[in-house]
Amino acid sequence: MSMLVWITFLPLLGAIGIAFLPATNTRLLRQAALGVTSLVAVLGLFLWSSFDGSIAEPQHGFVRDWFTVALGAGDVPIRFALGVDGISILLVVLTTILMPIVVLSSHGHIEHRVKEFFVWLLVMQAGMLGVFLSLDLVLFYFFWEVSLVPLYFIVGIWGGERRLYATIKFFLYTVAGSLVMLVGMIALIYGLQSSDLMDLIGRTGELPVATQTWIFFSFALAFAIKVPVLPFHTWLADAHTEAPTSGSVLLAGVLLKMGTYGLLRFGIQLFPGMAVSYSSVFLVLGALGIVYGAFLAMAQTDLKRLVACSSVSHLGFVVLGLFALTEPGIRGAVLQMVNHGLSTGLLFLLVGMLYERTHTRMLDRFGGIATVMPLYAIFFVFTVLSSAGLPGLNGFVGEYMILAGTFEASPLWAAVGVTGVIFGAVYLLMATRRVLFGALVHDANKKLADINAREIGIMLPLCVLCIWIGVQPNTFLDKTAGSLDALAKRVEQERIDQERGQAIGRIEFDAPSATTEGEESR
Amino acid sequence: MDTSTVSLANELWFVPFLPLLGALLCGALHLAVLRRRKAGGAEAPLQALAGYVACGAIALALGIVVSSWSTLLGGAEAIESGTWNWIDAGSFDIGLSMVFDRLSSVMCLVITGVGLLIHIYSLGYMKGDPGFAKFFAYLNLFVFAMLMLVLSSNLMGLFVGWEGVGLCSYLLIGFWYEKGWPAEAGQKAFIVNRIGDACFLLGSFLLIRLFGTLDLSDVGASVQAVMGEHPGTIALAALLLFGGACGKSAQFPLFTWLPDAMAGPTPVSALIHAATMVTAGIYLLLRLNPLYAAAPSVMLVIGFVGALTAFIGASTAIFQRDIKKVLAYSTVSQLGYMFLGLSTGAWAAALFHLVTHAFFKGLLFLGSGSVIHGMHEEQDMYKMGGLRRHMPRTFITFVAGSAALSGLPLMSGFFSKDEILAMAFASGGLHVALWLVGLAAAAMTAFYTWRMVALTFFGKERFDPEHVHPHESPATMTVPLMILAVFAVFGGVLNLPAVLPGAGMLHHWLEPVTKLGDEILHSTGHELHHLSALSEWCLLGLGSLIALVFAHKGFHAYTSGTEADARARAERPDAVGFLEEAWRIDSTYTRRIVRPIKLAAFLVASVVDQLAIDGAVNGAGSFATSLAQRLRGLVDGSVKNYALWMGAGAAALALSWILI
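None of these values were measured; they are calculated from a predicted model.

The rules behind these values
Residues numbered from 1 in each chain as written. Chains lettered and ligands numbered in written order. Predicted model: local features only at pLDDT ≥ 70, side-chain atom pairs only at ≥ 80, totals over all residues. Heavy atoms only, no water. Helix = DSSP H or I, 4+ residues; strand = E, 2+ residues; numbered from the N terminus. Buried < 20%, exposed > 50% of the residue type's maximum accessible area, 1.4 Å probe, protein only. Contact = heavy atoms within 4.5 Å. Disulfide = S-S within 2.5 Å. Phe/Tyr/Trp six-rings, centres within 6.5 Å; stacked < 30°, edge-to-face > 60°. Lys NZ or Arg CZ within 6 Å of the ring centre and 35° of its normal. Salt bridge = Lys/Arg side-chain N within 4 Å of Asp/Glu carboxyl O. Pairing = 2+ DSSP bridges. Buried area = accessible area lost by both parts, 1.4 Å probe. Polar contact = N/O pair within 3.5 Å; in protein donor to acceptor, adjacent residues only side chain to side chain. Nonpolar A, V, L, I, M, F, W, Y, C, P; charged D, E, K, R; others polar. Patch = residues over 30% accessible without salt bridge, like charges linked within 9 Å, V, L, I, M, F, W, Y side chains within 5 Å. Areas by Shrake-Rupley, 256 points an atom, 1.4 Å probe, with all protein chains shown as cover. Lys, Arg positive; Asp, Glu negative; His and termini not counted. Charge placed at Lys NZ, Arg CZ, Asp CG, Glu CD. pLDDT = per-residue confidence, 0-100. Axes fitted to C-alpha atoms, helices over the stretch in contact; angles between N-to-C directions. Parallel < 35°, antiparallel > 145°, perpendicular 65-115°, else oblique. Expected span 1.5 Å × (residues − 1). Bend = angle between axes of the 7 residues up to and from the residue.

1. Details of unusual backbone geometry
Next, step 1: Residue Pro231 of chain A is bonded to the preceding Leu230 of chain A through a cis peptide linkage, with omega at -5°.
Next, step 2: Residue position: Pro231 of chain A is located in the loop between α8 (209-226) and α9 (234-242).
Next, step 3: Omega for the bond connecting Phe252 of chain B with Pro253 of chain B falls within 30 degrees of zero, at 5°, which places this linkage in the cis form.
Next, step 4: When you line up the elements, Pro253 of chain B lands in the loop between α8 (231-248) and α9 (257-260).
Next, step 5: The backbone of Ala250 of chain B shows a phi angle near 55°, a positive value even though the residue is not glycine.
Next, step 6: By the element assignment, Ala250 of chain B lies in the loop between α8 and α9.
Next, step 7: In this structure Ala250 of chain B comes out as buried when scored by relative accessible area, which is 0%.

2. Here's the deal with the side chain of Thr276 of chain B
Next, step 1: Inspection of the secondary structure assignment puts Thr276 of chain B in the loop between α10 (266-275) and α11 (280-287).
Next, step 2: Residues in contact with Thr276 of chain B, not counting those within four places in the same chain, are Ile111, Phe142, Met146 and Leu271 of chain B.

3. Topic: the state of the cysteines
All names here are of chain B.
Next, step 1: Scanning the model with the defined rule gives zero disulfides over all chains in all.
Next, step 2: Free cysteine: Cys168, not disulfide-bonded; nearest cysteine sulfur from Cys26 at 12 Å.
Next, step 3: Owing to a relative accessible area of 0%, Cys168 belongs among the buried residues under this scheme.

4. Thoughts on the packing of aromatic side chains
Next, step 1: Tallied over the entire structure, the rule returns 62 aromatic pairs over all chains.
Next, step 2: Relative to Phe80 of chain A, the ring of Phe62 of chain A has its centre 6.1 Å away and its plane inclined at 85°; by these criteria the two rings are edge-to-face. One end of the pair, Phe62 of chain A, is in strand β1 (residues 59-71); the other, Phe80 of chain A, is in strand β2 (residues 74-84), with 18 residues separating them in the sequence.
Next, step 3: Here Phe80 of chain A falls in the buried class, since its relative accessible area comes to 2%.
Next, step 4: Between Phe219 of chain A and Phe223 of chain A, the aromatic rings sit 6.3 Å apart at their centres with planes inclined by 20°, giving stacked as the arrangement. A residue pair is termed a helical-turn pair when its members lie 3 or 4 positions apart in one helix, as Phe219 of chain A and Phe223 of chain A do in helix α8 at four residues. Taken individually, Phe219 of chain A and Phe223 of chain A each receive the classification buried, so the pair is uniform in this respect.
Next, step 5: Here the aromatic residues Phe140, Trp144, Phe216, Phe217, Phe219, Phe223, Phe266, Phe271, Tyr278, Phe282 and Phe323 of chain A are joined through ring pairs into a cluster of three or more.
Next, step 6: Against the face of Trp509 of chain B rests Arg102 of chain B, its NZ or CZ located 4.4 Å from the ring centre.
Next, step 7: Over the aromatic face of Tyr558 of chain B sits the side chain of Arg451 of chain B, whose NZ or CZ is 5.0 Å from the ring centroid.

5. Considerations on the pattern of salt bridges
Next, step 1: Counted under the stated rule, the structure contains 28 salt bridges over all chains.
Next, step 2: In this structure, Asp260 of chain B engages Lys188 of chain B in a salt bridge whose closest nitrogen and oxygen atoms are separated by 3.0 Å. Taken as a pair, Asp260 of chain B in helix α9 and Lys188 of chain B in helix α6 (residues 181-211) lie far apart in primary sequence, 72 residues in all.
Next, step 3: With relative accessibility at 28%, the residue Asp260 of chain B sits in the partly exposed group.
Next, step 4: In this structure, the salt-bridge partner of Asp380 of chain B is Arg321 of chain B, at a minimum N-O distance of 2.6 Å. Here Asp380 of chain B, found in the loop between α15 (347-374) and α16 (392-405), pairs with Arg321 of chain B, found in the loop between α13 (296-317) and α14 (323-343); they are 59 residues apart in sequence, far enough to count as distant.
Next, step 5: One continuous salt-bridge network, built from bridges that share partners, spans Arg162, Lys169, Asp238 and Arg305 of chain A together with Asp614 of chain B.

6. Side note on the pairing of strand β4 (residues 92-96) of chain B
Next, step 1: Judged by which residues are buried, β4 of chain B turns out to be one-sided: Phe92, Ile94 and Leu96 of chain B face inward and are buried, whereas Asp93 and Gly95 of chain B, on the alternate face, are not.
Next, step 2: Counting the residues that bridge the hairpin from strand β3 (residues 84-89) of chain B to β4 of chain B gives two residues, and of these Gly90 of chain B lies at a positive phi of roughly 60°.

7. Let's talk about the interface of chain B and chain A
Next, step 1: Across the boundary between the two partners, chain B contributes 67 residues, which contact 79 residues of chain A.
Next, step 2: The junction of chain B with chain A conceals about 6200 Å² of combined surface from both sides, 77% of it contributed by carbon and sulfur atoms.
Next, step 3: Our enumeration of links across chain B and chain A arrives at two salt bridges.
Next, step 4: Of the charged contacts, one joins Asp614 of chain B and Lys169 of chain A as a salt bridge, the two residues approaching to 2.7 Å between their closest N and O atoms.
Next, step 5: Remark: the boundary between chain B and chain A carries 16 residue pairs in polar contact (both at pLDDT 80 or more).
Next, step 6: For the side of chain B that touches chain A, the secondary structure elements donating two or more residues are α1 (14-39), β3, β4, α5 (155-173), α6, α24 (585-630) and α25 (632-659) of chain B.
Next, step 7: When residues in the side of chain B that touches chain A are grouped by element, the largest group, 16 residues, is from α24 of chain B.
Next, step 8: Among the residues forming the side of chain B that touches chain A, the class breakdown is 47 nonpolar, 11 polar and nine charged.

8. Observations concerning a positive patch on the surface
Next, step 1: On the surface, Arg591, Arg592, Arg595 and Lys598 of chain B cluster together into a positively charged patch.
Next, step 2: Structurally, Arg591 of chain B is set in helix α24.

9. Concerning the confidence of the model for chain B
Residue and element names in this part refer to chain B.
Next, step 1: Of the residues in chain B, 93% reach a pLDDT of 70 or more, and the chain-wide mean stands at 89.
Next, step 2: Confidence, read as mean pLDDT per element, is least for strand β1 (residues 6-8) in chain B (53) and greatest for α11 (96).
Next, step 3: Across residues 1-6, where pLDDT falls below 50, the model places 11 contacts with residues more than four positions away in sequence or in other chains.
Next, step 4: Among the scores for the predicted complex, ipTM is 0.91 and pTM is 0.92.

10. Some thoughts on the packing of helix α2 (residues 26-50) of chain A against helix α4 (residues 114-133) of chain A
Residues and elements named next belong to chain A.
Next, step 1: In the contact formed by α2 and α4, the axes pass within 9 Å of each other and the chain directions differ by 10°. The angle between α2 and α4 falls in the class roughly parallel. Two secondary-structure elements touch here, α2 through Thr26, Leu29, Arg30, Ala33, Val36, Thr37 and Val40 and α4 through Val114, Lys115, Phe118, Leu122, Gln125 and Leu129.
Next, step 2: Along the lines of polarity and charge, the residues of the contact of α2 with α4 split into eight nonpolar, three polar and two charged.

11. Side note on helix α20 (residues 505-523) of chain B
Residues and elements named next belong to chain B.
Next, step 1: The end-to-end C-alpha distance of α20, which contains 19 residues, comes to 25 Å, matching closely the 27 Å that a straight helix rising 1.5 Å per residue would cover.
Next, step 2: Val513 marks where α20 bends most, by close to 75°.
Next, step 3: With its phi angle positive at about 75°, Gly525 sits one or two positions after the end of α20.

Written out as structure tokens, the structure reads:
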């Protein structure tokens with residue numbers, strides 16, 4: 001029995017268990033949710049310690065036949081296949097350890113329908129973990145959709161004033177992406193007669209180039225919406241702003257990473273040829289996203305919306321690094337996924353703590369908060385520095401590797417990306433100054449209580465990780481070494497092949513799909 | 001580097017990490033202070049303890065630096081620590097280690113030596129401030145970062161320190177954040193520096209491309225092999241890294257943050273914005289001297305930027321009323337001299353001026369702090385005057401510092417500035433024009449320095465004797481002043497001109513570090529020309545004459561009070577206004593860069609994002625919503641159930657596997 005099955009389904013079992021608890025006993029519900037998520041976190045740490053980063057292939061594999069579908073030439077077996085490799089390990093562990101923090105953070109603002117909240121939260125965790133662990137296309141899609149529904153309810157029920165608008169927007173956006181992906185996925189399964197991810201990797205070249213192209217973009221669209229990549233980002237600011245704090249933390253911490261993970265797994269690993277051909281599209285979108293998101297953030301008057309817009313900018317770095325298709329670029333991008341989860345998660349926690357005290361998020365309602373909440377100010381400044389990429393903290397390592405990797409591939413877009421280093425400091429420090437510094441002009445803020453032990457306890461583990469990644473990133477980079485090294489080499493090979501193919505007159509794309517007829521009917 | 005002369009010494013790590021430990025302890029003490037303040041207890045003992053911890057940490061670091069120095073004197077070329085494997089990602093790896101060589105040893109002595117004096121001074125200056133412990137935590141953190149900067153063997157390690165000092169500068173400029181404008185000044189400093197940092201990062205990527213490493217000595221050693229093939233790339237990398245130096249060392253066009261940075265407590269201005277941090281750009285160029293030697297066009301750019309900055313800074317300082325603003329623009333100007341020196345390949349001269357400047361400008365800032373302290377936080381020189389009677393120790397030391405800054409004969413600043421100007425003169429060609437600009441700036445320097453002395457310490461007392469009672473500062477503040485005054489006066493012996501006995505000590509000391517750069521300069525025909533003894537004497541005489549004449553003019557015009565300024569303002573209001581506002585460069589930036597960017601951000605957010613992109617989305621959305629509303633009753637319930645049943649089914653499936 002693989003550990004991965006436990007990790008994926010324990011939250012689901014927990015959700016079912018909590019569904020049977022009395023809805024009025026909030027305390028018990030919170031303890032139960034914390035218990036389940038902590039148990040999963042412990043499993044996540046076990047997984048971490050038993051994971052060998054030097055191996056490229058998935059580990060802890062778990063495969064069972066699920067069902068078969070008659071599609072085209074024969075029955076395609078759909079399997080319940082889980083596994084973890086260097087592409088997914090960081091995100092899996094991040095998801096497991098972030099969840100107890102999310103549960104604890106909900107104490108301040110989830111006061112009604114507590115039971116439902118935790119049920120949805122745990123279903124969502126199962127969905128997200130499933131997404132990262134699935135090694136079968138159909139299973140992946142199943143989890144992808146499972147993770148979508150709970151957030152709809154979390155924002156829709158416990159959100160802010162414009163929550164309905166935000167949820168519908170979010171839902172329609174992602175459903176649109178999912179459906180396009182579904183079409184592409186069916187076409188892929190049909191074309192290669194397999195739904196097994198590890199089998200499909202390396203075989204997509206058998207499809208005609210035109211088919212590869214549109215399938216690649218059908219996947220890419222769904223993930224681009226999820227990330228979100230410019231210009232599909234407008235759902236994010238609304239969803240973030242309206243979501244309760246815990247929802248925002250989860251959204252920024254993990255859910256958006258499903259998009260970047262998807263781009264890496266299904267964009268680059270599954271279609272390396274397409275990734276090489278169209279990398280410039282994503283480099284442009286990533287680099288522009290960095291600048292565009294920063295400009296958006298600069299113009300915001302709502303602190304939470306500012307943080308949401310900063311996500312667009314920060315995830316632009318991740319997209320840039322991924323599609324630089326160089327080893328430092330990809331490895332930096334994968335690390336940066338975690339970094340963004342930590343820094344932006346912390347920022348949302350901080351915004352939430354302030355909102356719970358002042359019931360406002362407007363920057364002009366603050367000022368001088370550091371005077372009354374000195375401990376809060378320390379965490380705030382720390383987080384801002386982590387987010388702004390100060391060396392010694394997590395953000396710098398990721399950003400530097402991404403930019404160095406991008407520079408190898410395209411100095412121009414690296415140069416555009418570097419401006420994000422400047423603009424990032426602009427909006428983050430502007431927000432810091434307007435919230436923390438200056439005189440305490442608003443009387444309502446004069447009696448604010450500083451953060452309490454629970455709030456410190458929530459943030460401290462994340463801060464420790466920020467420092468750890470900043471000082472000793474190898475702990476985390478080592479885990480991704482085998483898989484990402486192999487991936488980078490494969491993409492490099494693909495690039496060389498393509499260049500050679502172009503050099504001798506584009507002869508390589510002669511319908512190779514018929515040659516493997518026998519294998520396809522397996 | 002010859003390994004036989006290198007000893008491996010991991011205790012070198014203690015040099016930066018003792019101050020880091022001090023910073024952490026002071027930070028913990030600050031938290032304890034906050035706790036006790038909440039409980040209403042006495043916080044003074046905790047605050048005082050933090051001050052002693054901080055001073056102790058720097059003193060210990062200074063001790064290790066001095067003992068390591070003696071190892072170097074014993075003949076070792078450098079002391080290296082073991083390597084810390086920081087980032088290791090296959091083809092991309094960065095290891096950090098500390099190297100104590102002849103260049104970093106000089107920097108370390110300045111940082112810990114002057115740093116210790118400023119720490120002790122701060123014990124007096126910051127006494128009674130509620131953030132006393134926090135102040136020392138930041139100050140120690142700064143020293144840690146600065147030592148990392150100068151000790152790192154790798155450009156990325158240097159960058160860690162580079163950003164660390166920037167952070168501390170930000171925190172310390174905005175130390176009195178309740179007032180608002182210090183926080184804005186800190187923010188400005190950070191952001192302007194980030195512009196330089198972006199250039200720095202791009203430069204580092206180019207170095208990776210050129211040399212495949214960021215190890216500073218490896219880069220230096222490989223320049224000669226690469227320069228023939230990629231002269232353009234080398235020049236671009238050098239230029240971009242110089243862009244980073246412009247930010248940190250406040251050179252045109254990125255100098256505008258430094259005058260604002262005076263919002264911080266005065267010891268901070270002395271330590272960070274005069275003696276150490278702002279010289280990081282000069283250190284960077286010195287460290288990469290082979291790279292710059294291989295890029296003569298960039299060297300010329302550096303010369304122009306340095307001379308121009310020296311001129312802008314000096315001319316702006318002339319009409320300032322705020323004593324700290326005079327010193328700030330003076331610092332900008334003096335840093336320009338150092339870059340001018342570097343541009344001629346006079347590496348040792350630049351370092352020499354860096355060291356003497358740390359003495360005399362640190363002294364002047366601390367002296368101004370003593371004045372401000374004694375005048376109840378007054379910084380406007382128009383409201384001072386006649387203070388020499390009230391604070392004699394501050395007065396005498398301040399005069400010593402002013403003599404050095406204005407380059408009066410035989411003072412430390414006289415020799416160091418003269419050497420730079422002599423080298424510019426000797427380089428010939430365009431550098432002669434730069435020499436003339438430097439000479440003009442030197443004249444202005446003498447003028448504004450003695451104007452400052454006259455306005456502050458001489459003439460009538462222009463303050464209200466009813467409310468202001470000037471007093472001498474305590475010994476914790478005046479003793480550091482006296483020690484620095486000795487160095488400011490006699491520091492010139494470090495590197496006397498060739499015509500004097502015992503000449504060029506620093507020059508010879510630095511030779512192993514600059515050997516490669518000198519070789520490259522020699523091979524490309526850009527090596528330094530030596531002046532004849534006669535011309536050197538002439539230049540020394542010219543320098544003395546200019547300093548004395550203009551020092552006299554400045555002093556004489558202002559001993560009687562502020563009338564000279566009023567006259568100038570009445571006669572040439574445009575010119576004075578132009579100079580007062582630093583050539584209106586900062587306001588031009590606000591108008592031409594900051595506001596357009598803010599406008600662009602507003603337009604992006606409101607027009608592009610809300611109307612164009614989101615408008616399109618909502619158009620599609622409203623169609624879908626109307627559809628959804630018709631199906632609402634049906635869909636809403638079933639999605640929920642669907643998901644729940646799906647989850648339950650999957651869980652059951654998993655359960656069956658677990659049981660089987």
